Structure formats: structure tokens, C-alpha cells
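# Observations on the model geometry
These are the residues of each chain, in order.
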Amino acid sequence: MTTTTSPLRIALIGTGFMGRMHTHAWRTAPRFFDLPLTPEPTLLVGHRPDATAEAAARWEWPEHTVDWREAVERDDIDVIDICTPGQTHAEIALAALAAGKHVLCEKPLANSVAEAEEMTDAASRAGSVAMCGFSYRRTPALTLARELIAAGRVGEIRHVRAQYLQDWLSDPDAPHTWRLDRDRAGSGALGDIGAHSIDTAQWLTGQDITGVSATLRTFVTSRPRRGEVEGLGGVAADTSDRLPVTVDDAAAFTAHFDGGALGVFEATRLATGRRNANRIEINGDRGAIAFDFERMNELEVYDAAADVAQGFRRVQVTEAQHPYAGAWWPVGHGLGYEHLFTHQAVDFVRAVAGEIPVSPTFADATQVQRVLAAVEQSAAHDSILTTVATAAAPEHPLEGNPS
């Protein structure tokens with residue numbers, strides 16, 4: 001669809017689940033959206049030579065390497081897209097920003113507040129775009145929810161309740177993965193999926209979380225070493241050869257918002273029967289909205305003044321005027337998980353071109369990191385109220401408030 005000939009040359013670092021998804025997004029975005037620049041997948045960076053070469057061939061990346069520094073140093077690369085485990089994010093992003101590259105970094109931004117703040121400082125000094133991949137912001141129904149809240153449709157926000165429920169670790173013999181290693185992942189369900197709920201809640205309400213009271217739980221303390229089959233957990237090579245689990249399986253906390261709202265959050269990867277139940281409900285004095293990603297094309301809306309039946313109304317967010325939806329299919333033909341990443345690629349390209357503000361910024365992602373740290377601190381002290389640290393670094397003009 002795009003008519004521009006100006007390329008935006010991408011180096012993607014990571015060949016796992018997110019690497020596949022981001023590859024699909026970069027290739028799909030210019031085919032459905034008119035973009036000011038054309039994303040051009042140029043270099044794929046992996047960890048193991050054979051696996052990287054195989055992924056590059058399958059996904060049609062013209063070049064590949066196992067050295068991410070090559071991507072940062074090359075003059076013909078404009079964007080560094082980081083889809084690696086959390087312990088590598090800071091080093092790669094800092095090098096990329098110093099080299100003048102635009103950066104898209106998967107969430108959580110880092111494995112610690114200190115690293116996240118260093119990345120935010122670097123982004124504020126750079127003349128390039130730095131975005132964190134909280135992809136659920138690009139769900140059309142959630143974007144519509146944000147517009148309704150900003151327009152005052154729910155009024156003064158009183159309650160925020162968010163759940164992110166998965167069950168892929170319910171089996172105690174589900175294989176070990178890097179996501180269960182604190183040194184690599186930073187935290188477990190809290191950072192992996194709870195971070196999405198935190199970001200979504202703050203983004204929808206326009207309020208920051210300022211205090212939490214939390215508990216964390218690890219139900220399965222060791223898991224069998226993973227075999228050769230790839231996936232989130234793979235297959236167990238030998239159930240008697242077990243590795244320690246050093247992260248949380250589940251997190252639960254209450255939260256204070258700076259606008260006065262009360263929040264209740266839950267994140268777990270052991271909620272039997274729940275595949276990807278990313279839910280949020282926001283109640284105000286004039287109405288409410290409710291969303292569940294397992295029904296991602298729907299938004300429930302309640303208007304306390306107009307709805308004499310006193311019930312939620314189901315809105316199918318597939319109309320041409322709804323966020324992002326007009327670029328895709330006829331009305332009523334829903335979207336899927338992969339579309340969020342295409343929307344993310346679209347917004348990233350438009351931010352690089354200066355058409356829209358960057359969202360979410362590294363500063364936004366660092367605020368999420370501060371909440372994650374406060375949750376862990378509260379849980380370590382038997383759920384006492386823990387104040388969320390405040391920001392210390394100014395934002396760069398490129399990192400303005402989300403539109």
C-alpha cells in the first residue's frame with residue numbers, strides 16, 4: 001500500500017517466540033497501512049549459528065549473525081529490535097542508542113530499576129526513538145477504552161481490577177525455561193505478564209501507581225530440564241533431572257493510584273483452564289469498561305446515566321472508525337494476537353517519521369519497573385504497604401506523552 005521508497009532498515013535480535021512475531025509484524029505493516037517509511041528486514045541476530053541460519057532462511061531475512069554488536073555497528077541498520085531475555089536488554093539498548101539507532105525493546109524494559117533508569121537516561125539524550133513493546137496497548141478494544149475514559153465516559157475512576165491468568169506451567173513436570181531463571185528473566189509471572197497489567201492500568205487511567213501491598217508465591221520449586229523441542233516450555237528431556245525455579249509462579253497485590261483509584265492485581269501462570277485471560281475492569285462514578293483478551297474484539301461498556309437496564313453493553317470493536325480496525329477486514333471480521341505487533345510496528349515507524357509521539361516511552365516502561373520492584377519489596381516484607389519510587393530523569397522531547 002505504501003508509496004514511499006525510503007527504507008527503515010531493521011536488525012532483529014532474538015529468534016524465539018517474539019522474534020517470530022516481530023518478523024511477521026515488520027513484513028505485514030506496510031502491506032496494510034500507508035507508512036511514511038518502509039520497514040526493511042535486513043539482519044537477523046541469534047544465539048546459535050545453526051538455529052539462526054535456519055530461522056533466517058525460514059523467515060526470509062537476507063542476512064544473519066550471532067553477534068549483536070555487528071548490528072549496532074553497521075551503518076546500514078536504522079533500527080535495533082530487541083527480543084531477547086531481560087538480562088541482555090540494557091547492554092544492547094545502551095549500545096544501540098549510543099550508536100544513534102532507533103530502538104524497540106520488548107518488555108519488561110530491564111531486570112532492575114537501575115538498568116531501566118540508565119536506559120531512560122540514554123534515551124533522553126539520544127536523538128532517536130526508543131519504544132518499549134507493551135503490545136497490548138495496540139489492541140483496538142483497549143485503545144477505544146482509553147479514548148472513552150479520556151472523554152470522561154466513566155467519570156471519576158474509583159476501582160481498577162486487573163488479572164492476567166495463564167496455565168502453561170500448571171503441570172509440575174512442565175519443562176524448565178529461561179523464564180523461570182531470575183538471573184535471566186528478572187522475575188516470573190510478575191514481570192512476564194503482570195507487567196502488562198500494570199502498564200495497561202496506568203495507560204488507560206492516566207494515573208500512576210504510587211504504593212502497593214503484595215504477596216508472591218512459587219508453587220513448583222523445581223522443574224525438569226528442557227529437551228530439544230522449542231516453545232515456551234519445550235518438552236522434558238528427563239523428569240528426574242530438575243533445575244531450580246528462582247522466580248514467582250504467581251503475584252497478587254493491591255495498589256494505590258495517584259488519582260485516588262484503588263487497584264487489585266493478580267498474575268499467574270498456573271491458573272488451570274485459563275490460556276491467556278488478560279482482563280481489566282475500570283469503574284467510575286459515571287460508568288465502567290471491562291475487557292478480556294480471550295474475547296479481544298469486544299469491549300464491555302456501562303453508562304450509569306443512560307443505561308436504564310443497569311447492565312454492560314457489548315461493543316464489537318471492528319468498525320472502520322475504531323482504532324486500527326479500518327486497515328484490516330470488513331466489519332465484524334475480528335483480529336488476532338499477531339495484529340497487536342503489526343500495530344506496534346506501524347506506530348513505531350510513524351514515531352520515527354515524527355508523525356506521532358513515542359508510546360510507550362522508556363520512561364513509561366521504567367515507571368512499570370518501579371512498580372514491579374515495589375511489589376517484590378512489599379512481598380519480601382509480608383505485604384506491607386510499599387511506596388513506588390518516583391522518576392528521577394527528565395524525558396526527551398521525542399518521548400512525549402502517549403497520544
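The structure presented is a predicted model; accordingly, all values stated were derived computationally and were not measured.

### As for helix α10 (residues 362-380)
The terminal C-alpha atoms of α10 lie 27 Å apart, and with 19 residues this matches the ideal 27 Å at 1.5 Å per residue to within 8%. Counting buried residues in α10 gives 14 out of 19 residues, a clear majority hidden from the surface. Among the residues trailing α10, D382 stands out with phi positive, at a value near 60°.

### Some details on the domain arrangement of the chain
Parsing the chain into structural domains produces domain 1 (2-136) and domain 2 (140-295 + 297-335 + 368-379). For domain 1 versus domain 2, the separation of C-alpha centres amounts to 25 Å. The interface is formed by 21 residues belonging to domain 1 together with 29 residues belonging to domain 2. Each partner contributes to the roughly 1900 Å² buried at the junction of domain 1 and domain 2, and carbon and sulfur atoms together form 62% of this total. Of all residues in domain 1, F32, F134 and Y136 bury the most surface against domain 2, accounting for 39% of the area lost on that side. One can count two salt bridges joining domain 1 with domain 2. The shortest N-O distance in the salt bridge between E117 and R370 comes to 3.2 Å. For the pair domain 1 and domain 2, the interface holds eight residue pairs in polar contact (both at pLDDT 80 or more). At the level of secondary structure, the elements contributing two or more residues to the side of domain 1 that touches domain 2 comprise α1 (17-32) and α5 (113-125).

### Regarding the nonpolar core
Within the largest apolar cluster, 107 residues are counted, with the highest numbers of intra-cluster contacts made by I80 and F265. Each of domain 1 (2-136) and domain 2 (140-295 + 297-335 + 368-379) accounts for three or more of the residues forming this core. Discounting chain neighbours no more than four positions away, the residues touching I80 are A11, I13, A71, V72, I92, A96, K101, H102, V103 and L104. V220, V245, V247 and L270 belong to the second-largest nonpolar core, a separate cluster that totals seven residues.

The rules behind the values
- Residues numbered from 1 in each chain as written.
- Predicted model: local features only at pLDDT ≥ 70, side-chain atom pairs only at ≥ 80, totals over all residues.
- Heavy atoms only, no water.
- Helix = DSSP H or I, 4+ residues; strand = E, 2+ residues; numbered from the N terminus.
- Expected span 1.5 Å × (residues − 1).
- Buried < 20%, exposed > 50% of the residue type's maximum accessible area, 1.4 Å probe, protein only.
- Domains from an automatic or database assignment.
- Contact = heavy atoms within 4.5 Å.
- Buried area = accessible area lost by both parts, 1.4 Å probe.
- Salt bridge = Lys/Arg side-chain N within 4 Å of Asp/Glu carboxyl O.
- Polar contact = N/O pair within 3.5 Å; in protein donor to acceptor, adjacent residues only side chain to side chain.
- Core = buried A, V, L, I, M, F, W, Y, C linked by side-chain atoms within 4.5 Å.

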